[in-house]
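Observations on the three-dimensional arrangement
Single-letter residue listing:
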Amino acid sequence: MAAKKSKDYCRIASGVQMVDTSFQATDSFVDHMKDVGVSIVARYYDYENETLPGKRLREYEIPIISKAGMSILVVFQHNNNKSETFEDWKNRGLNDAERALKMATELRQPSGSAIYFGVDGDFVGSIPGIKFYTKEVVGYFSEINKVFEADGGKYRIGAYGSGEALRVLKTSDLITLRWLSHSHGFVGSKDALAADRYEIEQYLPGQCGGRSVDFNSLRDGVSDVGQFKLI
């Protein structure tokens, strides 16, 4: 099954439901996305030393997105495309979870919504001769769960990643929501698509609204992926 391409959905009323972007939301961008048909804008939680300039969700973006009648989805990413992040799973799981909760409090993210964490690489699997980080990824999410539970369990936990990463984390009861990355060559991703083992499917990146974006769709019958509105 070929991966869908975001560029093919950069048109009026294309039917796509969600966009994720590493750049801050502006009125013109949000208006363009609304014309496309997007109802959810996904943005990032990160540290102050963000991995890309403008990647981190800013408070001023929230009314821009909200006044357009659109929801926000958040995912924590800070070098989550590097194996070193998961090799340091105990510290990073603790610190990333605490940082995500701090941002959620500062930005008034409502209880019951979700915070996703990225596994942005082919890190989970079991193939002879290939190095994977399955135990480290599980450890990372175990630490996240501990921090979230100690905070009262206000937020659901989701993961962005390969089909196998989502399968392992879901069957381990470490996540409730699954965001399948556009990298269909990763372990388990084609199987996840075929078996509908995801809530969000990401398309291959493309240009739309004057910037690089990834469009996404929600699996048929799914409407709640942990998004939220702040009016």
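Anything mentioned here points back to the structure above.
Throughout, residues of each chain are indexed from 1 in the direction in which the sequence is written. Owing to the predicted nature of the model, reporting of local features is limited to residues with pLDDT of at least 70; listing and counting of side-chain atom pairs is limited to 80 or more, with chain, interface and lining totals taken over all residues. As a rule here, side-chain values come from all non-hydrogen atoms in the structure, and water together with hydrogens is ignored.

**Looking at the overall build of the chain**
We count it as follows: Only DSSP runs of H or I covering at least 4 residues are called helices, and only runs of E covering at least 2 are called strands; the numbering of each starts at the N terminus. What the globule rule says is 2.2 Å times the number of residues to the power 0.38, and the radius of gyration is computed from C-alpha atoms. Values of accessible area rely on a 1.4 Å probe in the Shrake-Rupley scheme; residue burial ignores everything except the protein chains shown.
In terms of regular secondary structure, the chain is built from seven helices and nine strands. The C-alpha atoms of the chain give a radius of gyration of 17 Å, which matches the 17 Å a tight globule of 231 residues would have. Projected onto its principal axes, the C-alpha positions of the chain cover 45 × 40 × 35 Å. For the chain, the accessible surface area stands at approximately 10,000 Å², while carbon and sulfur atoms represent 50% of it.

**Looking at the pattern of salt bridges**
Keep this limit in mind: One side-chain nitrogen of Lys or Arg within 4 Å of one carboxyl oxygen of Asp or Glu is enough to make a salt bridge. Burial classes: relative accessible area under 20% of the type maximum marks a residue as buried, over 50% as exposed, and values in between as partly exposed (1.4 Å probe, protein chains only).
Following the criterion strictly, the structure yields 16 salt bridges and no others. Between E106 and K102 there is a salt bridge whose closest N-O contact spans 2.4 Å. Of this pair, E106 and K102 are both found in helix α4 (residues 89-106), four residues apart, which corresponds to roughly one turn of the helix. Exposure remark for E106: the relative accessible area of 44% places this residue in the partly exposed category. A salt bridge links D151 to K154; its shortest N-O distance comes to 2.5 Å.

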